[in-house]
Amino acid sequence: MRLYYTITAAALMSSLTHASEPISAKYDKGYFVFGTNSESFALKFDGRIMYDTGFVSSDKNDFVENNEIRRARFGIKTKFSNKWAGEFDLDFTGNEAKIKDLWMSYIGLENFEFKVGNHKPFFSVAEMTTSRWATFMETSMITDASASGRRLGLSGSYQKNDVFFGLSVFGDGIGVNNRDPEGDESEPGVHEKYNYSFRALYRPFVNKDASKLFHIGVNYLHLKPESDDDSKLRLRVGLESNVFDYEPLNTGKIKNISEQTSKGIEFVGRYNKYMVQAEYMTNTLNSLESGSSAIDSDGFYIETSYMIFGSGRNYNLFDGEFGPVYPEYYSGNLELALRYSTIDLNDGDVLGGSADNITIALNWYAHTNIVIRLNHTVANLDENADGNGDYIGNDDISITGLRFQYMF
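Quick caveat: nothing in here was measured; it's all calculated off a predicted structure.

### With respect to the overall build of the protein chain
Alright, step 1. Along the protein chain, the regular secondary structure elements total 3 helices and 22 strands.
Alright, step 2. Projected onto its principal axes, the C-alpha coordinates of the protein chain cover approximately 70 × 55 × 50 Å.
Alright, step 3. Burial analysis of the protein chain (408 residues in total) assigns 47% to the buried set.
Alright, step 4. Considering only residue pairs separated by 6 or more positions, the protein chain has 62% of its internal contacts joining residues 24 or more positions apart.
Alright, step 5. By element, 56% of the accessible surface of the protein chain is carried by carbon and sulfur atoms, the whole surface being about 20000 Å².
Alright, step 6. With 39 positive and 56 negative side-chain charges, the protein chain shows a separation of 9 Å between the mean positions of the two kinds.

Quick look at the structure:
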């Protein structure tokens with residue numbers, strides 16, 4: 001057995017020393033990195049643990065708080081020959097292993113990237129921003145309702161200082177079995193349905209270190225029901241906090257849907273310590289039945305933050321989104337943030353409910369690898385926001401959430 005480990009270790013080190021380049025280890029901006037001095041090879045560990053706890057108060061329902069591990073992820077990111085990259089990311093929330101990012105990409109052309117595998121299709125700045133560095137504990141209601149989540153497919157992007165464009169073509173999510181849609185061999189297989197999305201940004205102004213910038217973007221998503229959903233789609237969301245683990249905004253499963261088309265416009269700006277981000281989105285569900293009316297929903301959010309201690313949020317030009325915060329003080333950086341969001345899932349006979357949320361947040365970036373977030377959300381729901389009949393509508397809810405975030 002000892003000989004086996006020796007041979008295995010020797011083979012691994014041999015594979016990691018391309019062209020006789022030695023491998024060195026370092027701690028770089030929150031990551032443990034193994035790589036060559038020429039950076040032709042790099043391996044990073046990307047782990048994150050997020051524990052959420054808090055309190056819930058409701059005027060009309062017996063809602064209770066949900067204290068749990070929100071995320072428990074471990075990922076490996078690699079780069080080879082300055083041309084190829086890849087990521088393998090698992091989530092262990094709920095004591096179950098689930099694949100998140102699982103892709104390879106070609107990065108050998110300047111300003112371009114091509115990615116294939118399980119990843120997020122291009123759509124919405126909030127959806128594309130990693131949970132590591134999102135300003136609030138959860139994305140807005142309209143983002144949650146509109147985005148597709150990770151899917152198997154192909155994406156390509158191009159960026160320069162003033163423009164960004166990303167296009168994705170994708171099918172079902174990982175784990176969907178189109179050969180046995182019902183899971184009991186009672187129905188024949190169906191052809192997988194393919195979808196597409198794009199995100200385009202223009203930055204009319206950005207300074208050298210991206211501490212002062214403005215971008216405007218448009219988003220489009222064409223999404224068909226997954227192969228095992230029998231032409232059904234449902235829009236349902238919670239209230240921007242996993243401490244409140246309910247989904248009062250719920251259209252129920254709508255039958256005979258051919259596709260969902262989502263359109264959005266986004267605005268992002270930073271001026272030193274200040275940042276602002278806003279998006280407006282519409283969703284249209286088209287029917288397979290001739291003469292049937294489309295079902296429309298919409299919503300928006302606007303959020304802003306001020307870095308009380310620290311120089312401000314980093315902006316990633318290559319991805320067109322806000323990125324990590326590196327504490328500049330021994331006691332860490334401190335950020336105050338505010339968000340207003342609204343969503344309306346009522347249209348004709350479909351009564352999924354509407355809601356308005358206000359969230360105030362205080363984020364303490366104690367270390368590059370440690371963040372503590374405090375969110376307080378006040379939500380006002382209409383009479384149709386009853387979880388498709390499971391709760392009492394026309395409720396007023398307050399949620400206080402505290403997150404301990406450890407990254408490695």
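### Section: the side chain of His119
Alright, step 1. Structurally, His119 can be placed in strand E7 (residues 112-119).
Alright, step 2. Polar side-chain contacts of His119 include one of 3.0 Å to the backbone oxygen of Gly117.
Alright, step 3. Of the polar contacts made by the side chain of His119, one reaches the side chain of Ser155; its length is 2.8 Å.
Alright, step 4. In contact with His119, not counting residues within four places along its chain, are Asp101, Trp103, Gly149, Arg150, Arg151, Gly153, Leu154 and Ser155.

### Overview of the nonpolar core
Alright, step 1. Within the largest apolar cluster, 35 residues are counted, with the highest numbers of intra-cluster contacts made by Leu239, Phe244, Leu249, Ile343 and Ile397.
Alright, step 2. For this core, the secondary-structure elements that each account for two or more residues are helix H2 (125-128), helix H3 (141-146), strand E11 (212-223), strand E15 (274-287), strand E19 (333-347), strand E21 (370-381) and strand E22 (396-407).
Alright, step 3. With residues up to four places along the chain from it excluded, the contact list for Ile343 reads Met141, Ile142, Ala145, Val237, Leu249, Asp298, Gly299, Gly353, Ser354 and Ala355.

### Examining a negative patch on the surface
Alright, step 1. On the surface, Glu182, Asp184, Glu185, Glu187, Asp228 and Asp230 cluster together into a negatively charged patch.
Alright, step 2. Topologically, Asp228 is positioned in the loop between E11 and strand E12 (236-237).

### So, the layout of surface pockets
Remark: the empty space left among the atoms is shown by a probe the size of a water molecule rolled over them.
Alright, step 1. In this structure, the second largest pocket occupies an estimated 240 Å³ of space.
Alright, step 2. Lining of the second largest pocket is provided by 16 residues; of these, Ile254, Ser293, Ile295, Asp349 and Val350 occupy positions nearest its centre.
Alright, step 3. In terms of residue count, the dominant contributor to the lining of the second largest pocket is E15 (3 residues).
Alright, step 4. For the lining of the second largest pocket, the per-class residue count stands at 6 nonpolar, 6 polar and 4 charged.

### Here's the deal with the environment of Asn61
Alright, step 1. Looking at the secondary structure, you find Asn61 in the loop between strand E3 (41-58) and strand E4 (68-80).
Alright, step 2. With a relative accessible area of 12%, Asn61 lands in the buried category.
Alright, step 3. If sequence neighbours within four positions are ignored, Asn61 has contacts with Tyr391, Ile392 and Asp395.
Alright, step 4. A polar contact of 2.8 Å, which involves the side chain of Asn61, links it to the side chain of Asp395.

### Concerning empty space enclosed by the protein
Alright, step 1. For the coordinates displayed, the defined rule picks out 2 cavities of 30 Å³ or more.
Alright, step 2. When its volume is computed, the largest cavity comes out at roughly 130 Å³.
Alright, step 3. Contributing to the lining of the largest cavity are 15 residues, with Ala126, Ala134, Thr135, Gln277 and Glu303 lying nearest its centre.
Alright, step 4. Of the residues in the lining of the largest cavity, the class split is 6 nonpolar, 5 polar and 4 charged.
Alright, step 5. The space that makes up the second largest cavity amounts to roughly 30 Å³.
Alright, step 6. Lining the second largest cavity are Leu235, Thr251, Leu285, Ile295, Asp296, Ser297, Leu345 and Val350.
Alright, step 7. Among the elements that take part in the lining of the second largest cavity, strand E16 (residues 295-309) stands out by supplying 3 residues, more than any other.
Alright, step 8. When grouped by side-chain class, the residues that make up the lining of the second largest cavity number 5 nonpolar, 2 polar and 1 charged.

Calculation criteria
- Residues numbered from 1 in each chain as written.
- Predicted model: local features only at pLDDT ≥ 70, side-chain atom pairs only at ≥ 80, totals over all residues.
- Heavy atoms only, no water.
- Helix = DSSP H or I, 4+ residues; strand = E, 2+ residues; numbered from the N terminus.
- Buried < 20%, exposed > 50% of the residue type's maximum accessible area, 1.4 Å probe, protein only.
- Contact = heavy atoms within 4.5 Å.
- Areas by Shrake-Rupley, 256 points an atom, 1.4 Å probe, with all protein chains shown as cover.
- Lys, Arg positive; Asp, Glu negative; His and termini not counted.
- Charge placed at Lys NZ, Arg CZ, Asp CG, Glu CD.
- Polar contact = N/O pair within 3.5 Å; in protein donor to acceptor, adjacent residues only side chain to side chain.
- Core = buried A, V, L, I, M, F, W, Y, C linked by side-chain atoms within 4.5 Å.
- Patch = residues over 30% accessible without salt bridge, like charges linked within 9 Å, V, L, I, M, F, W, Y side chains within 5 Å.
- Salt bridge = Lys/Arg side-chain N within 4 Å of Asp/Glu carboxyl O.
- 1 Å grid on protein atoms, 1.4 Å probe; cavity = no way out; pocket = protein on both sides within 12 Å on 5 of 7 lines; lining within 4 Å.
- Points joined across faces, edges and corners; volume = space filled by probe spheres on them.
- Nonpolar A, V, L, I, M, F, W, Y, C, P; charged D, E, K, R; others polar.

None of this, on its own, says anything about what the molecule does.
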